[in-house]
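# Overview (structure and organization)
Chain residues, written in single-letter form:
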Amino acid sequence: MSSSTTSTSTPQKEIVVLKSNHQVKGLFTLIRDRETKREDFIFYSDRLIRLLIEEGLNCLPFSETNVTTPTGATYNGVSFASKICGVSIVRAGESMEAGLRAVCKQIKIGKILIQRDEETARPKVTYPRNQIYISKEEEEDKLPADIANRHVLLLDPMLATGGTVAQAVEVLLERGVKEENIIFINLVAAPEGIRFFTAKFPKVSIVTGEIDSNLNDKKYIIPGIGDFGDRYFGTEH
Amino acid sequence: MQDNNVSNETQLVTSTDVNNNNTTSNTKKIYTSGRPPWYDQQGKLKNPLVIGVCGGSASGKTSVCHEVIKALNVRWVVLLSMDSFYKPITKDQDPANYNFDHPNAFDYDLMIKTIGDLRQGKRTQIPIYDFKTHSRLARQNTVYGADVIILEGILTLYSKELCELMDIKIFIDTDDDVRLCRRLKRDIAERGRTLTSVIEQYNRFVKPSFDDYILPTKKYADIIVPRGSDNIVAIELLTEHIKGILKERGYVAERSMPIGGITAESLPANIHIMQDTNQIKAMHTILRNKATNVGDFVFYSDRLVMLIIEEALTLLPFKEKVITTPVNQVYKGEQMDCKVAAVSILRAGSCMEHPLRSICKGIKTGKILIQSDENKQPHLFYERLPDLSDSHVLVLDPTIATGASSQMAIRVLLDHGIPEDRIIFVSVIASLKGVMWLNYCFPDIKIVASALDNELSENGYILPGIGNYSDRYFGTGVKQL
């Protein structure tokens, strides 16, 4: 039912699924349980997100380097070889920012808000692109100015249909980010979403916690977590 | 009174303390240094050597013990005085007319139990006898097992049962006149007593008891040492004999522990070294770099330790748990199936507590302070533990170098009744030698570390290593080495 990487036929590049062990399974059990209180939901989501971010960072390029230890010996190490930034998809993606900051000191984080267009019933980028409310200069401010030269950790906890995240990637590509420099990090992914997204952007790396069974007719992930943003920010009805 | 006033509290001395004398408060000497477990080549716990030292009042028993301990140069020696085992006197007994030199004044049952427990390497409580009130104090001294246990006193050879626990029985045979002279000198000069009262007590209790009870036990002694600590030849012979027995029993110095061709690739199953991902390696590169400042060191240490703790937690028992998700779907999950507590080995272990608490909400955390002396030998200075009786315990110490202090911490936990298989030792960097030694002594404990270094320097530092972890984390220390 869950974390079954083998059951999905995903022909594309790389989908990194967090290595399943008792702890990871235990964390998923806590956050998927509808009885879990919000403070616990936040605490255990944060723990899981930290692990996912660490996993995501492993997709980045490294270069070898030697350092001298206080004992005077040489340690053959590696160092981060690229500039990175985070981009969270508002609102649920913002729940992953704390985890990102806990792992990456002083990281720049851009934001993208994508809303459902009531006329077309399709996702539409509201922010940073909405010409009505935001001038061109302000628009630039919502993402790091030099984002084109950076690797981007794109944050959104759920990959359901993949429509929203695809829109977000379009924004990034328009801003000059290289497709292969985007790492999309989420907690739970539906096979339908993975198929849709990877067909569109085969060079984007995907890091996920567990791959679920399917989407239901309301496009909810099954068995899923529910509305991640609502549960994290306490806005469920 | 007798020998009683030598000190009002138990004298517990280890060999190192005899040499350095550095932890002694003004008049009282109370050393409760523990020891690492003493194992033979097969990993079996060996009985420590028990030596009984007997002799009349002021015969020089303590001096002989100290000379032997110095000459032995064995790390873990516990010296117990029979004085600690005086029975509390009852209300209707007048201390002035109480015979402290009579065998009935001593609690032999407790002595037999104590020596028996120490022989098994168990943690043991030694009563503290208060000579002002002639009762036992509420607090007790904690003694951990030792390589050599010495019990000295005027009537150590009186009980047959106690004698049976002793490997070597020594009688210090000092001339009566010499002993009386010493007593007079000591009691008058040091204890402000009058000549008359000392002689009165001597004639009334001390001499009759010596003749009736102490002297007759001489025949049970294996070795009789005339003239006490002045007898250099006797002490030399005694020391050589004890060394011979220790060697025969398979006493292994820690440094000479053979690793036996083990490499990082063929580690025993209970040693878990984390997968060397680029992230982990990059964090190690920052932490190990001597140019890294405190701010970065703390940040990357916390980040790395969180991952190590997450790894350690995966080794705990879990059970299946089926839950319903907010979209009314069944999810077959898992749930931790045990209680977890932590014990940090101060000072460095406390560097790992913050990341621990950000993963395990409200976890109970005990502390143990173990300090290594200049010979890299660990000494237990402080322990404050929560109730660990039904918990799995994460022991925190960022480095395992020789493994000596780690061993001692584990020993303390075992003494608190925590089985080996409920202990997970969590570390950032371990030396191959250190983890192998730990695994050899405690095969059932699990060890988790994020890196394994192959070398250990002459002075016990891990190579290439990380330097002094806590100095780097807390920004203390003049220099790193």
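Being a predicted model, the structure only gives us computed values, none of them experimental. (Residues numbered from 1 in each chain as written. Chains lettered and ligands numbered in written order. Predicted model: local features only at pLDDT ≥ 70, side-chain atom pairs only at ≥ 80, totals over all residues. Heavy atoms only, no water.)

With that settled, the discussion passes to a nonpolar patch on the surface. All names here are of chain B. A cluster of nonpolar residues, Ile188, Leu195 and Ile199, forms a patch on the protein surface that exposes about 230 Å² of accessible area. Within the secondary structure, isoleucine 199 sits in helix 6 (residues 195–214). Overall, the relative accessible area of 34% leaves isoleucine 199 in the partly exposed class. (Patch = residues over 30% accessible without salt bridge, like charges linked within 9 Å, V, L, I, M, F, W, Y side chains within 5 Å. Areas by Shrake-Rupley, 256 points an atom, 1.4 Å probe, with all protein chains shown as cover. Salt bridge = Lys/Arg side-chain N within 4 Å of Asp/Glu carboxyl O. Helix = DSSP H or I, 4+ residues; strand = E, 2+ residues; numbered from the N terminus. Buried < 20%, exposed > 50% of the residue type's maximum accessible area, 1.4 Å probe, protein only.)

It is characteristic of soluble globular proteins that their nonpolar side chains tend to be buried jointly. Counting 81 residues, the largest nonpolar core has A:Ile185, A:Leu187, B:Leu394 and B:Tyr469 as the members making the most contacts within it. Ranked by the residues each element gives to this core, the list is headed by helix 9 (residues 294–313) of chain B, at 11 residues. Sequence-distant contacts of A:Leu187, that is, excluding residues within four places in its chain, are made with A:Phe28, A:Ile31, A:Leu48, A:Ile49, A:Leu52, A:Met96, A:Asp156, A:Pro157, A:Thr208, A:Gly209, A:Glu210 and A:Phe228. (Core = buried A, V, L, I, M, F, W, Y, C linked by side-chain atoms within 4.5 Å. Contact = heavy atoms within 4.5 Å.)

Before going further, it helps to examine the interface of chain B and chain A. Each side of the interface is counted separately: chain B has 52 residues, and chain A has 51 residues. Buried area between chain B and chain A, summed over both chains or domains, comes out near 4,400 Å², and the portion from carbon and sulfur atoms is 61%. Of the charged contacts, one joins A:Asp40 and B:Lys361 as a salt bridge, the two residues approaching to 2.5 Å between their closest N and O atoms. At the junction of chain B with chain A, the criterion picks out 22 residue pairs in polar contact (both at pLDDT 80 or more). (Buried area = accessible area lost by both parts, 1.4 Å probe. Polar contact = N/O pair within 3.5 Å; in protein donor to acceptor, adjacent residues only side chain to side chain.)

For the rest of this paragraph, the subject is unusual backbone geometry. Peptide bonds are, in most cases, trans, and in most cases residues other than glycine have a negative phi. Of the consecutive residues A:Ile222 and A:Pro223, the connecting peptide bond is found in the cis state with omega at 0°. Tracing the sequence through the fold places A:Pro223 in the loop between strand 12 (221–222) and helix 7 (228–233). Omega for the bond connecting B:Leu463 with B:Pro464 falls within 30 degrees of zero, at 0°, which places this linkage in the cis form. With respect to the helices, strands and loops of the structure, B:Pro464 is situated in the loop between strand 19 (462–463) and helix 13 (469–474). Even without glycine at this site, A:Lys219 takes up a positive phi of about 65°. With respect to the helices, strands and loops of the structure, A:Lys219 is situated in the loop between strand 11 (214–215) and strand 12. Of note in this structure, B:Ala58 is not a glycine but carries a positive phi near 60°. Relative to the assigned elements, B:Ala58 resides in the loop between strand 1 (49–55) and helix 2 (61–72).

The subject of this paragraph is empty space enclosed by the protein. Here the idea is plain: a probe the size of a water molecule rolls over the atoms and shows the empty space left. Taken as a whole, this structure holds five cavities of 30 Å³ or more when the rule is applied. Around the second largest cavity, the lining residues are A:Arg50, A:Leu51, A:Glu54, A:Ala102, A:Val103, B:Arg303, B:Met306, B:Leu307 and B:Glu310. Contributions of two or more residues to the lining of the second largest cavity are made by helix 2 (38–57) and helix 3 (97–103) of chain A together with helix 9 of chain B. Ranked by residue count, the leading element in the lining of the second largest cavity is helix 9 of chain B, at four residues. (1 Å grid on protein atoms, 1.4 Å probe; cavity = no way out; pocket = protein on both sides within 12 Å on 5 of 7 lines; lining within 4 Å. Points joined across faces, edges and corners; volume = space filled by probe spheres on them.)

Before going further, it helps to examine the side chain of A:Thr198. Residues and elements named next belong to chain A. By secondary structure assignment, the location of threonine 198 is in helix 6 (residues 191–200). Relative accessible area serves as the criterion here: at 5%, threonine 198 is assigned to the buried category. At a separation of 2.6 Å, a polar atom in the side chain of threonine 198 contacts the main-chain carbonyl oxygen of isoleucine 194. Within the structure, the side chain of threonine 198 is placed 3.4 Å from the backbone oxygen of arginine 195, a separation counted as a polar contact.

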